[in-house]
Amino acid sequence: MGGARHAGWVAAGLVLGAGACYCIYRLMRGQRRGGHGLRLRPSQSAEDLTNGSYDDVLNAEQLQKLLYLLESTEDPVIIERALVTLGNNAAFSANQVIIRELGGIPIVGSKSNDPNHSIKEKALNALNNLSVNVENQIKIKVYVNQVCEDVFSGPLNSPVQLAGLRLLTNMTVTNDHQHMLTSYITDLFHVLLTGNGSTKVDPSFLSLYDGHTAKEILLRALTLFQNINNCLKKEGHLASQPTFTKESLFFLLYGEECAQKMRALLNHHDADVKEKVTVIPKNW
């Protein structure tokens with residue numbers, strides 16, 4: 001059991017390296033959208049809800065209509081549009097709960113096995129947004145093994161692979177489900193070594209550690225750093241001061257720019273942030 005847990009830490013670190021910043025960027029996006037005031041659409045037919053602007057927030061009745069449409073239709077165009085609408089609405093915490101309580105997670109999850117790659121991608125994106133909610137992860141974890149198979153058997157850098165990596169990233173931010181990835185460590189290494197810039201991490205990721213970043217986002221980014229640090233420490237990599245591949249998440253986190261940001265955060269005005277920075281071992 002201990003070996004599986006240990007391997008899970010390593011696997012989680014690799015997944016986080018492949019798609020780490022996506023869920024945090026989603027939080028930032030949701031926060032910006034929320035700041036403008038949310039609009040609720042009037043009562044409409046289910047198909048109407050998939051047309052026009054996807055930025056309006058649907059209420060529980062409209063979400064129920066949309067889930068019924070998704071479950072009952074066989075039209076691939078409507079399925080894809082419904083998944084996009086659900087995915088966008090799942091970026092909001094209240095809707096993450098509503099969709100779960102309406103039984104929507106299995107409905108969305110069933111589409112992640114669709115042979116149509118575009119539908120599969122949209123379903124994975126919707127599950128990714130839903131997985132930000134910890135209670136939702138309990139229901140979403142049943143799809144993790146299939147997502148791994150799809151991610152590592154499909155074309156490198158494909159939309160389905162990237163969508164799957166984003167979902168696995170959210171599912172492994174905490175320790176609860178990391179052990180489910182122990183069988184895929186070799187595949188994860190392959191993706192990190194051969195994937196393009198979209199599969200790895202953009203240098204702008206480090207902006208998440210700026211002092212003016214919203215507390216919720218900053219704490220999540222610091223937790224990410226802490227988990228990755230724990231993975232590398234367990235493997236004994238930190239003691240030997242390893243050389244990381246340029247453009248990898250590890251290269252960014254253990255470079256001088258990040259070290260400066262960590263030192264600055266020690267003087268952050270929020271006590272929770274300062275405590276989180278203090279817990280991360282001083283590799284900077």
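See the structure shown above.
Residues numbered from 1 in each chain as written. Predicted model: local features only at pLDDT ≥ 70, side-chain atom pairs only at ≥ 80, totals over all residues. Heavy atoms only, no water.

A. Structural detail: the pattern of salt bridges. Scanning the model with the defined rule gives eight salt bridges in all. The partner of K122 in a salt bridge is E121, with the nearest N and O atoms 3.5 Å apart. Across the pair E256 and R263 runs a salt bridge whose closest N-O atoms are separated by 2.8 Å. In the salt-bridge network here, residues are joined through shared partners; they are E80, E121 and K122. (Salt bridge = Lys/Arg side-chain N within 4 Å of Asp/Glu carboxyl O.)

B. Representation of helix α4 (residues 76-89) in the model. In this model α4 runs 20 Å from its N-terminal to its C-terminal C-alpha over 14 residues, within 8% of the 20 Å that 1.5 Å per residue would give. Of all the residues in α4, the buried ones are I78, I79, A82, L83, T85, L86, G87, N88 and N89. The N-terminus of α4 is capped by D75, whose side-chain oxygen sits 2.9 Å from the backbone nitrogen of V77. (Helix = DSSP H or I, 4+ residues; strand = E, 2+ residues; numbered from the N terminus. Expected span 1.5 Å × (residues − 1). Buried < 20%, exposed > 50% of the residue type's maximum accessible area, 1.4 Å probe, protein only. Polar contact = N/O pair within 3.5 Å; in protein donor to acceptor, adjacent residues only side chain to side chain.)

C. Layout of the side chain of K122. Along the polypeptide, K122 turns up in helix α7 (residues 117-130). Within polar-contact distance, the side chain of K122 engages the side chain of E80 at 3.1 Å. Ignoring sequence-local partners within four residues, the contact set of K122 consists of E80, L83 and V84. (Contact = heavy atoms within 4.5 Å.)

D. How the structure looks around the environment of N136. For N136, the location among the structural elements is in helix α8 (residues 134-140). Sequence spacing of N136 and R100 is 36 residues, and the spatial spacing of their C-alpha atoms is 6.7 Å. Beyond its immediate sequence surroundings of up to four residues, N136 is in contact with Q96, R100, I105 and L130. At a separation of 3.2 Å, a polar atom in the side chain of N136 contacts the main-chain carbonyl oxygen of Q96.

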